[in-house]
Every structure is written in structure tokens, then in C-alpha cells.
Amino acid sequence: MAREFPGVQFERYSDDAVVHCVSQRQARTVLAAIAARMEQVGLRLHPDKTRIVYCQDGKRRALYEHTDFTYLGFTFRQRKARTKDGRQFNSFLPAISKDALKKIGAEVQSWRLYNRIGQDLKDVARDINPIVRGWMQYYGKFYRSKMYPLLSRINAYLVRWIRKKYKRLRAKRKAFRCWRGIVERFPRMFAHWEWIPSVPSVW
């Protein structure tokens, strides 16, 4: 790239790369050159993962086959955005990918938080906070609202924990009242409460 296309920016992590081109013609030229270079060293581009993507936003409205791509756990595509003064517009932005959300969701489910009734709530927080905080710091850098449903689900599991641990709180209304009291007294107990301290309406 430095020798043949010095003006073309790109990022690479391990064997995944994103190359930024200014036109479809340039993209096809660069793609063909990269494919040829790979063959020279006994490699080949992945046929399913390699494609030319049109970075569509509010200003670019042409029709192309591919208008999104996923890289390092983020899906880049056209999304709603707001200016500093609150005006809405369309931009080409990253957010946590569906596959990453699915993987994280499966891990959260595997914790079976609602069955840890032998632990105190502070113990549960100590166990999961480093993991959840890491997800927030990485995936929450861009369009963090895409993570809110997942974080709400953690809260729903924790309410189930309350209902299972304390017989007197098995009624949803009582469990929710207890939940609000805990959040008010210890707002920083769980890392994700910084963003989502509430419980989904259906739990």
C-alpha cells in the first residue's frame, strides 16, 4: 500500500483490513492489486468477507449493493446522529455488531445471576463489574445506546435474584420497590448503572 497507493488510507488488525477509497473505480483498482499481491505470497482474500462498500449517509444517496460492513465487533452503516444544537442528520457511523451483542448476551445468560442466591448483591457486582465495564469502555465508545437493551437485561436478571433470594419480595411490585431503594442508596454498585439503572417494563 505504501509503495503502490501512498494516498490511500487503511487500517489493519491481524488479517482484517479496511481500505478507504474516494471512488468505486479506485476501490476496484486497489482491490485487484491487493488480490494479486496476496497471490504472489501464496494467500488469497476471503471471498465472503471481501467486498466494496458504499459509505452511505445523508449526503451520499446513490444505490449500491453493499452499504455496511463489520470490523472488530462494530458494524458501520448509515445511522441517525445529532449536531451539538440538537438537529438530526444521517451519518455513516459504527455501533456494536449483532454478532457481538449475541455473544455478549449468551455470556450474560451463562452467568445465571438469578441463581446466585448464596451471594450478596455486592459479591455479584464484584464478579461481573470488571467484565461489564470492559464491554462499556470498548463497545460504548460509539452509539452506546445499542447496548442499553443488554444492560437492561442484566438488571432484569438481578431483580429475579431479589425475588428468589427473599421470599417476602417475590411479588413484582415489592421487588421493584426494593430495587429502586438499592439503586438510590448505592448508585455505583454496578458499573452499568451509570448508563442504565432501570429495569425493562417486561421482566
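Scroll up for the structure.
Residues numbered from 1 in each chain as written. Predicted model: local features only at pLDDT ≥ 70, side-chain atom pairs only at ≥ 80, totals over all residues. Heavy atoms only, no water.

Draft legend 1. Region of the structure containing the overall build of the protein chain. Per the secondary structure count, the protein chain includes five helices and five strands. Going residue by residue from the N terminus, the α and β elements of the protein chain occur as β-β-α-β-β-β-α-α-α-α. The globule rule puts the C-alpha radius of gyration for 203 residues at 17 Å, and the 23 Å found for the protein chain is more than 25% above it. Overall, the protein chain is about 70 × 45 × 25 Å in size when its C-alpha atoms are taken along their principal axes. (Helix = DSSP H or I, 4+ residues; strand = E, 2+ residues; numbered from the N terminus. Rg over C-alpha atoms; globule rule 2.2 N^0.38 Å.)

Draft legend 2. How the structure looks around the pairing of strand 5 (residues 88–96). The pairing of strand 4 (residues 74–82) with strand 5 spans nine bridges and is classified as antiparallel. By the bridge assignment for strand 5, Ala81 is matched with Phe89. Linking strand 4 to strand 5, which pair antiparallel, is a turn of five residues; within it Gly86 sits at a positive phi near 95°. (Pairing = 2+ DSSP bridges.)

Draft legend 3. Representation of the environment of Ile96 in the model. Structurally, Ile96 is set in strand 5. Residue classification places Ile96 among the buried positions, given a relative accessible area of 6%. Separated by 55 residues in sequence, Ile96 and Val41 have C-alpha atoms that sit 34 Å apart. When sequence neighbours within four positions are dropped, the list of residues in contact with Ile96 reads Gly73, Phe74, Thr75, Leu101, Ile104, Tyr139, Lys146 and Met147. (Buried < 20%, exposed > 50% of the residue type's maximum accessible area, 1.4 Å probe, protein only. Contact = heavy atoms within 4.5 Å.)

Draft legend 4. Region of interest: the side chain of Asn155. By the secondary structure assignment, Asn155 is in helix 4 (residues 148–165). Residue class for Asn155 comes out buried when judged on its relative accessible area of 0%. Asn155 has contacts with Trp179, His192, Trp193, Ile196, Pro197, Ser198 and Val199, leaving out every residue within four places of it along the chain.

Draft legend 5. Quick peek at the layout of surface pockets. There is about 200 Å³ of room inside the second largest pocket. Every residue lining the second largest pocket is listed: Thr70, Tyr71, Leu72, Gly73, Ser97, Asp99, Ala100, Lys103, Ile104, Glu107, Trp135 and Tyr139. Residue assignment for the lining of the second largest pocket shows that the elements contributing at least two residues are strand 3 (69–71), helix 2 (98–111) and helix 3 (121–139). Here the element with the most residues in the lining of the second largest pocket is helix 2; it accounts for five residues. Looking at side-chain class alone, the lining of the second largest pocket contains six nonpolar, three polar and three charged residues. (1 Å grid on protein atoms, 1.4 Å probe; cavity = no way out; pocket = protein on both sides within 12 Å on 5 of 7 lines; lining within 4 Å. Points joined across faces, edges and corners; volume = space filled by probe spheres on them. Nonpolar A, V, L, I, M, F, W, Y, C, P; charged D, E, K, R; others polar.)

Draft legend 6. Representation of the sheet that holds strand 4 in the model. Spatially, 3-4-5 is the arrangement adopted by the three strands of the open sheet, whose pairing is antiparallel. Each end of this open sheet is capped by a strand with a single partner; those strands are strand 3 and strand 5. For this sheet, the mean inter-axis angle between neighbouring strands, taken without regard to orientation, is 50°. Bridge count between strand 3 and strand 4: three bridges; the pairing is antiparallel. Among the inter-strand pairings, Thr70 is bridged to a residue of strand 4, identified as Thr75. (Axes fitted to C-alpha atoms, helices over the stretch in contact; angles between N-to-C directions.)

Draft legend 7. Inspection of the state of the cysteines at higher detail. Scanning all chains against the criterion turns up zero disulfides. In this structure Cys21 is a free cysteine whose sulfur lies 9.6 Å from that of Cys55, the closest cysteine sulfur available. On the accessibility criterion, Cys21 (28% relative accessible area) is partly exposed. (Disulfide = S-S within 2.5 Å.)

Draft legend 8. Spatial organisation of the packing of aromatic side chains. Under the counting rule described, the total for this entry stands at 13 aromatic pairs. Taking the centre distance of 5.6 Å and the plane angle of 85° together, the rings of Phe74 and Phe142 count as edge-to-face. With Phe74 in strand 4 and Phe142 in the loop between helix 3 and helix 4, this residue pair connects regions lying 68 residues apart in the sequence. The structure contains a cluster of three or more aromatic residues connected by ring pairs, namely Phe74, Tyr138, Tyr139 and Phe142. Taking the ring centre of Tyr143 as reference, the NZ or CZ of Arg79 above it sits at 5.5 Å. Between the NZ or CZ atom of Arg160 and the centre of the ring of Tyr114, over which it lies, the distance is 3.8 Å. (Phe/Tyr/Trp six-rings, centres within 6.5 Å; stacked < 30°, edge-to-face > 60°. Lys NZ or Arg CZ within 6 Å of the ring centre and 35° of its normal.)

Just distances and angles here, no functional claims.
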